[in-house]
Amino acid sequence: MKYLTAGESHGKAIVGIIDSYPSGVRIDIDFINNELKRRQKGFGRGERMAIEDDRVDIISGIRKEKSTGSPISFLIYNKDWKNWKDKIDKEDNLLNPRPGHADFSGLLKYHLASIRDTIERSSARETAARVCVGSFAKIILKMLGINIFSYVNQIGKVVYKNDVKINLDIVKKTEDSQVRCPDNKKSLEMKQEIIKASENGNSIGGGFKIIATNLVPGIGSYNQGSSRIDAKIAYSIMSIPGIKAVEIGEGFKSAGMKGTDFHDKIYYDDKKGFTRRTNNAGGIEGGMTNGEPIIIGAKMKPIPTTVKGIETVNIKSKKKEISLKERSDVCAVPSASIVGEAMLSIEILNGILEKFGKDNIDEIINNYNSYKEYINKI
Ligand SMILES: Cc1cc2nc3c(=O)[nH]c(=O)nc-3n(C[C@H](O)[C@H](O)[C@H](O)COP(=O)(O)O)c2cc1C
């Protein structure tokens, strides 16, 4: 499954095309719209999200609620376009690049007269389309019993350290939290971090975990570096704007541990089959899933646009300036975790389609189940 996105932050719509999505999948539009809503939420987001009410408009590839195997295309309209379409060309002289954003290099690379064109496409508004693509992936993963979940484990200096064991209560607490942290006390402290940053005209970053459960071993391959599922996931998570570090399992801690302590010992249980009692590997060994939950950690830097502004220079006059102020989020870590779910879902689904076929969902499910039977019989 391949996808492309297009569209500007304040253009008419964000656009997506998905190629090679299997036929016969029942597409639940309410589910997709709910995923879009989850991306829009989160304490620390700017006024823009109060204007938008993201909903998908599917243009092709679905008939009678089912995928046909043809390319799927969709639109997510920008309500804010109406407010911007007349004024956007008038303010075509933005020349004070924001450190930390795409402004400086974008203007030079594309020979632009104003930072506006770079702002429009480098904006994370584009991630609405990725969440939409991710929802299509999640629909198939759900049919195979695979669940994807995320939670925020850091905002600024507030860190939530517990190992989260996913259950319905944890999922509910996370979805109910304005910062997507399952711990009430930490949620409040995280909110305070965002409020403090906002009151100071500043922005703040943080971190999140994404977990995929109920996987089979053997998705991905060690045959080529580019076939490794850990490599694909790291690439995909790192492609989310603002993400500056990605960890698989206890990746960072592993550097300081001994082999016999770090590696997850293999056991056999008559009822469960092959099992592990730890999951430091984060569900991936040798570039393949090993059947344990995939656990991904990501860190997001603070948002580059700040009310205070950051020291910069005017590209034409070369004089010292304060970076341009665009309406902005103060913190987008909770939203980024939803984008992370989408990116992980896309990579896992692609690994599954590679192994079990990609044309039709019944074919895929049959192949998937017979592989599971083969593993159970070993
Ligand atoms: C969901 C989401 C929302 C974001 N909102 C903003 C924002 O309102 N203002 C801003 O300057 N950056 C925002 N960012 C971060 C920038 O898009 C990002 O820092 C920028 O594109 C530069 O890319 P880089 O940080 O990967 O170098 C957001 C990122 C995400 C994932």
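Residues numbered from 1 in each chain as written. Predicted model: local features only at pLDDT ≥ 70, side-chain atom pairs only at ≥ 80, totals over all residues.

**Remarks on the overall build of the protein**
And then number 1: Per the secondary structure count, the protein includes 13 helices and 18 strands.
And then number 2: At 22 Å, the protein has a C-alpha radius of gyration in line with the 21 Å of a compact globule built from 378 residues.
And then number 3: For the C-alpha atoms alone, the extent of the protein along its principal axes is close to 70 × 50 × 40 Å.
And then number 4: Per-residue burial for the protein yields a buried fraction of 40% across its 378 residues.
And then number 5: When contacts within the protein are restricted to residue pairs at least 6 apart in sequence, those whose partners lie at least 24 apart make up 71%. (Helix = DSSP H or I, 4+ residues; strand = E, 2+ residues; numbered from the N terminus. Rg over C-alpha atoms; globule rule 2.2 N^0.38 Å. Buried ≥ 20, exposed ≤ 12 C-beta atoms within 10 Å, placed from the backbone. Contact = placed C-beta atoms within 7 Å.)

**Quick notes on the site of the ligand**
And then number 1: Neighbouring residues of the ligand: 20 residues in total, closest A124, P241, T305, D329 and A332.
And then number 2: Partitioning the shell around the ligand into residue classes produces 9 nonpolar, 9 polar and 2 charged. (Near = placed C-beta within 6 Å. Nonpolar A, V, L, I, M, F, W, Y, C, P; charged D, E, K, R; others polar.)

**A closer look at the sheet that holds strand β10 (residues 217–220)**
And then number 1: With respect to topology, 3 strands assemble into an open sheet ordered β10-β15-β14, the strand pairing being antiparallel. On the outer flanks of this sheet lie β10 and β14 (284–285), each paired with one strand and no other.
And then number 2: In this structure, β14 lies alongside strand β15 (residues 288–290), joined through 2 bridges in antiparallel fashion. By the bridge assignment, I284 is partnered in β15 with T289. (Pairing = 2+ DSSP bridges.)

**Quick notes on the pairing of strand β1 (residues 2–6)**
And then number 1: Bridge count between β1 and strand β2 (residues 13–19): 5 bridges; the pairing is antiparallel. Across the sheet, T5 pairs through a bridge with G16, a residue of β2.
And then number 2: Between β1 and β2, which pair antiparallel and follow one another directly, the connecting turn spans 6 residues, one of which, G7, has a positive phi of 120 degrees.

**What to know about the environment of I155**
And then number 1: Following the sequence through the fold, I155 ends up in strand β7 (residues 147–155).
And then number 2: Its 31 C-beta neighbours within 10 Å are what place I155 among the buried residues.
And then number 3: Distance in space between the C-alpha atoms of I155 and E347 is 26 Å, their sequence separation being 192 residues.
And then number 4: The contact partners of I155, leaving out residues within four places of it in the chain, are V179, M190, E193, I194, I204, G206, C331 and V333.

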